[in-house]
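If you want the building blocks of each chain, they are given just below.
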Amino acid sequence: SQLAEESSAFVELVPEVSAISKGQASPDSTAVGVFTGSHGAKVVAGYPWEATSAPRAAGWKLLEVVSDAAGTRVLVDGKVEKSSARRTTLDKVLLKSGGGGEGSDAMWDTVSVRRLPTSEDLLAVVAVAGPMTLDRRSLSTADHRPSAPFPKSAVWERVPTAASPPARFGHSSVTHEGTKYVFGGERNARLQNDLWAFDLAAEEWRHVLPGGAKLPEARVGHSAVAVGGKMVVLGGRGASGHPLKDAWEFDFEDESWELVANTTAAGARMGHTATLVAGSVYVLGGEGPGAESAVFLRCDEGDATGSCVDVTHGCPESPSTSKVLADFGLAGGISGHAAEGKGGQLFVLGGSDPRTGELSPGGASGGGVYSFDADACSWEAAFAGPDSDFAAEGHSASMGDEGLMVFGGRGPIGFGCTRAFLGPRAVHAA
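Residues numbered from 1 in each chain as written. Predicted model: local features only at pLDDT ≥ 70, side-chain atom pairs only at ≥ 80, totals over all residues. Heavy atoms only, no water.

1. Observations concerning the state of the cysteines
In protein structure, a disulfide is the covalent linkage between the sulfur atoms of two cysteines.
And step 1. Tallied over the full model, the rule gives 2 disulfides.
And step 2. The disulfide that involves C299 links it to C308, with 2.2 Å between the sulfurs. Across the S-S bond linking C299 and C308, the dihedral sits near 105°, which makes this disulfide right-handed.
And step 3. In this structure C308 comes out as partly exposed when scored by relative accessible area, which is 23%. (Disulfide = S-S within 2.5 Å. Buried < 20%, exposed > 50% of the residue type's maximum accessible area, 1.4 Å probe, protein only.)

Shown next as structure tokens:
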């Protein structure tokens, strides 16, 4: 389970071999958590309550109890803090908070129980572990320039961190000056509005405790884009279940939030994207009331929440021959897609039709990957070749020097894997 250490609290998996008497567990108890009366600065394990090496601080802790042939172990953030040679069978899980008459609250996120695989199963899993397989595709623009070379092999590497955000989906992430900022999202039907910062050089997470008179409402399916020294957050789905229409700015320097608009040009919207391309922020798609789902806006970089032009059907300054999204079967809009910008182009991958839930069309109509040329104000199919099909939603994408990496998402037959799209030289331009 995961516990926010803001009070006195503990979790215990009660084994059948332990006797609970006079409010205390036997020495084989697997109780672990926070108990102010025992130690004010460390997580404790009991009985008796003993301080562990894990610091007690505001934030989330992962508490685990593992019992197998080797005995029983209590772990805090992946480190063993208590062990016993005796095995335990799960009888019940006891959660307690606000003990000792202190009246404080503890926040529990998820409690889960699972059976460990047998040793034979575990060996089979280890045997198949290895480098990930890349599904390489070739991006193409109107001039069909050749792609740059992509690494022949790539391997996932787990980054060890002392603390990290609780798992979630539908959150946003932006990068500013070597730090990745993750905001909001949903976990187990509970919306989040916490903010985490990951230092890419030090490979360390930090829970940001921002300033400001107010904090954004918890949300999922919003957009976030780094503009100048601020992160602009638009819309999303709130606790009411309906799309939000507000806009917030987070100042990277003083780490504070500010509500900048109760209503924006994008209106109430969730599942959309906001991407900075060639000095403008482009807001695309999402789910909103009525026909607004098919919106495509070009907003001023200095005022991404209000100074916007609707370019859904073309730009005012461009000729009428420019292609629009409707030319690729996306007249009903697009939601749950991924968008990345580079070299004056906006790349859009996958997504679904907000009206029907069907994944964006592939094959001859573009393979589910499209590019928008900001200077020409025109859309193109971003793939060359009849087999370049990509259909997914809820995935992530990141543009690097070698090309565009796409991870995860839901496809026609389940959840996807890692894919690499090779970019043309225009994409690799600074």
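2. Re a nonpolar patch on the surface
And step 1. A cluster of nonpolar residues, L90, V93, L95, V111 and V113, forms a patch on the protein surface that exposes about 390 Å² of accessible area.
And step 2. Structurally, the position occupied by V111 is in the loop between β10 (107-108) and α1 (119-128). (Patch = residues over 30% accessible without salt bridge, like charges linked within 9 Å, V, L, I, M, F, W, Y side chains within 5 Å. Areas by Shrake-Rupley, 256 points an atom, 1.4 Å probe, with all protein chains shown as cover. Salt bridge = Lys/Arg side-chain N within 4 Å of Asp/Glu carboxyl O. Helix = DSSP H or I, 4+ residues; strand = E, 2+ residues; numbered from the N terminus.)

3. Quick look at the sheet that holds strand β18 (residues 247-251)
And step 1. Spatially, 4 strands are ordered β16-β17-β18-β19 in an open sheet, and the strand pairing comes out antiparallel. The outermost strands of the open sheet, each flanked by one partner alone, are β16 (223-227) and β19 (256-261). The average undirected angle you get between the axes of adjacent strands in this sheet is 25°.
And step 2. In this structure, β18 lies alongside β19, joined through 5 bridges in antiparallel fashion. Bridge pairing in β19 places A247 opposite A261. (Pairing = 2+ DSSP bridges. Axes fitted to C-alpha atoms, helices over the stretch in contact; angles between N-to-C directions.)

4. A short note on the side chain of S352
And step 1. In this structure, S352 sits in the loop between β25 (345-349) and β26 (369-373).
And step 2. Of the polar contacts made by the side chain of S352, one reaches the side chain of E393; its length is 2.7 Å.
And step 3. Beyond its immediate sequence surroundings of up to four residues, S352 is in contact with G333, I334, S335, G357, E358, L359, S360 and E393. (Polar contact = N/O pair within 3.5 Å; in protein donor to acceptor, adjacent residues only side chain to side chain. Contact = heavy atoms within 4.5 Å.)

5. Focus on the nonpolar core
One broad trend across soluble globular proteins is that nonpolar side chains are buried collectively.
And step 1. Counting 18 residues, the largest nonpolar core has Y282, L284, F296, L346, V348, F372 and W379 as its most contacted members.
And step 2. For this core, the elements supplying multiple residues, two or more each, are β21 (280-284), β25 and β26. (Core = buried A, V, L, I, M, F, W, Y, C linked by side-chain atoms within 4.5 Å.)

6. Some points on the packing of aromatic side chains
And step 1. Evaluated as defined, the whole model comprises 12 aromatic pairs.
And step 2. Ring plane angle 55° and centroid distance 6.1 Å describe the contact between Y181 and F250, whose orientation is recorded as tilted. Remark: F250 occurs in strand β18 and Y181 occurs in strand β13 (residues 179-187); sequence separation between them is 69 residues. Accessibility assignment for this pair places Y181 and F250 in one class, buried.
And step 3. Taking the centre distance of 6.5 Å and the plane angle of 85° together, the rings of W196 and W205 count as edge-to-face.
And step 4. Of the residues examined, W205 reaches a relative accessible area of 26% and is grouped as partly exposed.
And step 5. Here a set of aromatic residues connected by ring pairs shows up, and it is made of Y181, F183, F250, F252 and W257. (Phe/Tyr/Trp six-rings, centres within 6.5 Å; stacked < 30°, edge-to-face > 60°.)

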